[in-house]
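# Results of the structural survey
Residue-level listing of the chains:
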Amino acid sequence: MIFAILSWIGFAGIPIFVLLLFFGIPLLQMTPEVMPTFYKNWVYPWMPMHFMVEGLRKLFFYHNAIRWETSTIALTWIAIGSLILAVLSVWKPKKGKVGIEEEPGM
C-alpha cells in the first residue's frame, strides 16, 4: 500500500503514513474496550493495520484457526487494490520534460 501511494504522489505521500503510524501504533497495543471514544470511532476503523491485529488476537488469545473472515477479506482487498494502483502508476503521465531536444550545432 505504501509503494502504491508513493508511486502515484511521490514523497508527498510519506506524511500520510507517518501520521498513520504515529497515531496507530499506540492504538494497536490497546484493546478496543479501553480506547478513548474518539480513537475507537474515528481513527481505529481507518487503520489498515487493525485488521492484522484483530486476526492475530484471535489466533493468539482465542485459539481460532486461520479462516476466510472479515479481517482476511479486508487485508486481501487492500493488497489487491494496492497492487492494481501500483501497476496503473506505470501509465501515469510524467511531470517535467516531455522529451530531450537536441540543440542545433551539436
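Because the structure is a prediction, the values reported are computed rather than measured. (Residues numbered from 1 in each chain as written. Predicted model: local features only at pLDDT ≥ 70, side-chain atom pairs only at ≥ 80, totals over all residues. Heavy atoms only, no water.)

### Brief notes about helix α4 (residues 49-61)
The periodicity of an α-helix, 3.6 residues per turn, causes residues three or four places apart in sequence to face the same way. Its 13 residues give α4 an end-to-end C-alpha distance of 18 Å, which sits within 8% of 18 Å, the value for a rise of 1.5 Å per residue. Regarding α4, the residues found buried are Met49, His50, Phe51, Val53, Gly55 and Arg57. Contact partners of the buried residues in α4: α2 (14-28) and α5 (70-88). Backbone geometry just after α4 places histidine 63 at a positive phi near 55°. (Helix = DSSP H or I, 4+ residues; strand = E, 2+ residues; numbered from the N terminus. Expected span 1.5 Å × (residues − 1). Buried < 20%, exposed > 50% of the residue type's maximum accessible area, 1.4 Å probe, protein only. Contact = heavy atoms within 4.5 Å.)

### Considerations on the environment of valine 87
Among the structural elements, valine 87 can be located in helix α5. Sequence separation between valine 87 and alanine 4 is 83 residues, and the spatial gap between their C-alpha atoms is 8.2 Å.

### Looking at the pattern of salt bridges
Applying the stated rule across the entire model yields 1 salt bridge. Between glutamate 69 and lysine 58 there is a salt bridge, with the nearest N and O atoms lying 3.5 Å from each other. Here lysine 58 lies in helix α4 and glutamate 69 lies in the loop between α4 and α5, a separation of 11 residues in the sequence. You can call glutamate 69 partly exposed: its relative accessible area is 23%. (Salt bridge = Lys/Arg side-chain N within 4 Å of Asp/Glu carboxyl O.)

### Overview of the packing of helix α1 (residues 2-9) against α5
Two elements in contact, α1 and α5, have axes separated by 8 Å at closest approach and are oriented at 30°. When the interaxial angle is binned, α1 and α5 end up roughly parallel. You can see that α1 and α5 cross each other, and the crossing is left-handed. Judged by residue contacts, Phe3, Ala4 and Trp8 of α1 engage Ser82, Leu85, Ala86 and Leu88 from α5. Across the contact of α1 with α5, the residue classes tally to 6 nonpolar, 1 polar and no charged. (Axes fitted to C-alpha atoms, helices over the stretch in contact; angles between N-to-C directions. Parallel < 35°, antiparallel > 145°, perpendicular 65-115°, else oblique. Left-handed = near helix turned anticlockwise from the far one by under 90°. Nonpolar A, V, L, I, M, F, W, Y, C, P; charged D, E, K, R; others polar.)

### Quick word on the nonpolar core
Listed in full, the 8 residues of the largest apolar core are Leu27, Leu28, Met35, Val43, Tyr44, Met47, Met49 and Val53. Those elements that provide at least two residues to this core are α2 and α4. (Core = buried A, V, L, I, M, F, W, Y, C linked by side-chain atoms within 4.5 Å.)

### Describing the packing of α2 against α4
Remark: α2 packs on α4, axes separated minimally by 11 Å, with the N-to-C direction vectors making an angle of 15°. Between α2 and α4, the angle falls in the class roughly parallel. At the point where α2 passes α4, the crossing takes the right-handed sense. The segment α2 lies against α4, with Leu20, Leu21, Leu27 and Leu28 engaging Met49, His50, Val53 and Arg57. For the contact of α2 with α4, the per-class residue count stands at 6 nonpolar, 1 polar and 1 charged.

### So, the environment of valine 53
Topologically, valine 53 is positioned in helix α4. Linking valine 53 and serine 71, residues 18 residues apart in sequence, is a C-alpha distance of 8.9 Å.

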